[in-house]
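Summary of the model geometry
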Amino acid sequence: METLEQLDKDVFLYLNDIQSPFWDTIMVLVSNKYFWIPFYLGLIAYLVWRYRKQSMAMLGMAIVAIGLADFVASGIFKPYFLRLRPCHDPSLAEFVNIVEGCGGQFGFMSSHASTSFALAVFFNLILSDRYFIFKIVLVAWAVIVSYSRIYLGVHYPGDIIGGALLGSFLAYVCSLGYNILLNKYPQLVR
């Protein structure tokens with residue numbers, strides 16, 4: 001376990017050290033949940049336009065996946081594991097590039113990673129293959145949002161991987177729930 005923790009710290013320090021003023025601004029924006037509001041509104045508008053009634057089930061289950069991902073990561077894992085964020089770790093303090101604030105004291109699992117992967121994986125699982133490009137864009141978006149947390153100095157790569165796996169798992173469970181819902185209430189598709 002100590003070897004994994006040290007590897008996590010080493011990879012974090014390497015990735016966090018790749019800094020520039022230009023990317024500082026970009027990563028702060030990418031990491032800000034309010035920056036993505038136009039993206040979310042566009043996604044909602046498109047789904048409602050394209051899928052009509054069925055969009056309510058899609059959006060409802062997507063919200064469940066995202067809400068669960070956030071709750072489990074922040075409400076259960078962070079208080080249970082009590083793993084300090086790199087920016088709060090006294091052994092790393094002098095080496096961490098903190099771009100803008102540090103956030104809460106504990107970081108395992110990353111809520112940004114869990115919620116962005118919950119959204120991306122959920123829609124990857126329920127949309128048809130004709131949306132291939134859109135699916136790729138969603139996964140790329142989740143990866144960029146997640147990486148921004150390492151860049152900003154607030155999460156270890158292990159926090160990100162754990163959050164991404166959690167979000168992906170909950171998206172899978174919610175996609176099963178979505179399919180059950182459509183089978184039980186076929187009028188949602190019409």
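Whatever comes next refers back to the structure up there.
This write-up is about the structure you can find in this document.

Criteria and cut-off values
- Residues numbered from 1 in each chain as written.
- Predicted model: local features only at pLDDT ≥ 70, side-chain atom pairs only at ≥ 80, totals over all residues.
- Heavy atoms only, no water.
- Patch = residues over 30% accessible without salt bridge, like charges linked within 9 Å, V, L, I, M, F, W, Y side chains within 5 Å.
- Areas by Shrake-Rupley, 256 points an atom, 1.4 Å probe, with all protein chains shown as cover.
- Salt bridge = Lys/Arg side-chain N within 4 Å of Asp/Glu carboxyl O.
- Helix = DSSP H or I, 4+ residues; strand = E, 2+ residues; numbered from the N terminus.
- 1 Å grid on protein atoms, 1.4 Å probe; cavity = no way out; pocket = protein on both sides within 12 Å on 5 of 7 lines; lining within 4 Å.
- Points joined across faces, edges and corners; volume = space filled by probe spheres on them.
- Nonpolar A, V, L, I, M, F, W, Y, C, P; charged D, E, K, R; others polar.

**Section: a nonpolar patch on the surface**
Residues Tyr34, Ile37, Leu41, Ile44, Val48 and Met56 make up a contiguous nonpolar surface patch of roughly 570 Å² in combined accessible area. By the secondary structure assignment, Leu41 is in helix 3 (residues 37-51).

**Here we look at the layout of surface pockets**
A volume near 580 Å³ is recorded for the largest pocket. Going through the elements one at a time, helix 2 (21-31), helix 3, helix 4 (53-81), helix 5 (111-126) and helix 6 (132-151) are the ones with two or more residues in the lining of the largest pocket. Looking at side-chain class alone, the lining of the largest pocket contains 15 nonpolar, 6 polar and 2 charged residues. Around the second largest pocket sit 13 residues that line it, and Met1, Glu5, Asp8, Arg83 and Phe108 are the ones nearest its centre. Mapped by element, the contributors of at least two residues to the lining of the second largest pocket are helix 1 (2-16) and helix 7 (157-184). No other element matches the 5 residues that helix 1 contributes to the lining of the second largest pocket. Among the residues making up the lining of the second largest pocket, the classes are represented as 8 nonpolar, 2 polar and 3 charged.

Taken by themselves, the reported measurements are silent on function.
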